[in-house]
Amino acid sequence: MRKATALFACLIALPSQAQTIDDASDSFQACLYAQAIMYGHQSCHAPTELVPAIYASCRPEENAMRKAMISKGYKRPIVEGTMEGFREGFDPKLVKMLIDGQIKRGCS
């Protein structure tokens, strides 16, 4: 009976860990979008200067995503590769959002 209970507890814990990664990813994405909108509306600096600032502003959310992946059992090289791919996928979106905000602001 105890073995069955322990197995059941492990099976229940697995989806919640996966949800933790999803939640952390969603929070990180939301932070990036919010910061891109804010920087785009408040600054006329080049997007190449602003994108690193956006990531720096969202460092706690990025670290939470890393920790969630590591706690699920992913090895650090996999986590870092995933994060690099995440950034590569988001950089063009952030640049577009920055430029859109800057156009609305009247930057030239």
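Placed above this text is the structure.
First, a word on what this report is: a plain description of the structure on this page. Along each chain, residue indices are assigned from 1 in the same order as the chain's sequence is written. It should be noted that, the model being predicted, local features are given only for residues of pLDDT at least 70 and side-chain atom pairs only at 80 or more, the latter also being counted only at that level, while totals for whole chains, interfaces and linings use all residues. Remark: hydrogens and water are excluded; side-chain values derive from all non-hydrogen atoms of the structure.

**What to know about the state of the cysteines**
(1) Moving on: The criterion for a disulfide is a pair of cysteine sulfur atoms lying within 2.5 Å. Summed over the entire model, instances satisfying the criterion amount to 2 disulfides.
(2) Moving on: A sulfur-sulfur separation of 2.1 Å characterises the disulfide bridge that pairs Cys31 with Cys58. On the sign convention where negative means left-handed, the S-S torsion of about -95 degrees between Cys31 and Cys58 marks this disulfide as left-handed. Of the two residues, Cys31 is situated in helix H1 (residues 2-42) and Cys58 in the loop between helix H2 (47-57) and helix H3 (59-71); the sequence distance between them amounts to 27 residues.
(3) Moving on: Its relative accessible area of 0% is what places Cys58 among the buried residues.
(4) Moving on: Note on cysteine connectivity: Cys44 is disulfide-linked to Cys107, with sulfurs 1.9 Å apart. Handedness here is read from the sign of the S-S torsion; for Cys44 and Cys107, about -75 degrees, the answer is left-handed. Remark: Cys107 occurs in the segment after helix H4 (76-105) and Cys44 occurs in the loop between H1 and H2; sequence separation between them is 63 residues.
(5) Moving on: With a relative accessible area of 44%, Cys44 lands in the partly exposed category. Secondary structure counts use DSSP, requiring at least four H or I residues in a row for a helix and at least two E residues in a row for a strand, with both numbered from the N terminus. For the exposure calls, accessible area comes from a 1.4 Å probe over protein chains only, and a residue counts as buried if that area is under 20% of its type's maximum, exposed if over 50%, partly exposed in between.

**Details of the packing of H3 against H4**
Describing two packed helices takes the angle between their axes plus the distance from one axis to the other.
(1) Moving on: Interaxial angles span 0 to 180 degrees and are taken between N-to-C directions of axes, which are lines fitted to C-alpha atoms, for helices over the stretch in contact. Contact pair H3 / H4: the axes reach a minimum separation of 10 Å and the direction vectors enclose 140 degrees. As the angle between them shows, H3 and H4 are arranged oblique. Of the two possible hands of crossing, H3 and H4 adopt the one that is right-handed. Contact residues: Glu62, Met65, Arg66, Met69 and Ile70 in H3; Arg76, Val79, Glu80, Thr82, Met83, Phe86 and Arg87 in H4.
(2) Moving on: Of the residues contributing to the contact of H3 with H4, the split by class is 6 nonpolar, 1 polar and 5 charged. Orientation labels follow simple angle bins: below 35 degrees gives roughly parallel, above 145 gives roughly antiparallel, 65 to 115 gives roughly perpendicular, and whatever is left gives oblique. Crossings are assigned a handedness: left-handed for a near helix turned anticlockwise from the far helix by less than a right angle, right-handed for a clockwise turn. It only takes one pair of heavy atoms within 4.5 Å for two residues to be counted as in contact. Three residue categories are used. Nonpolar comprises Ala, Val, Leu, Ile, Met, Phe, Trp, Tyr, Cys and Pro, charged comprises Asp, Glu, Lys and Arg, and polar comprises the others, including Gly.

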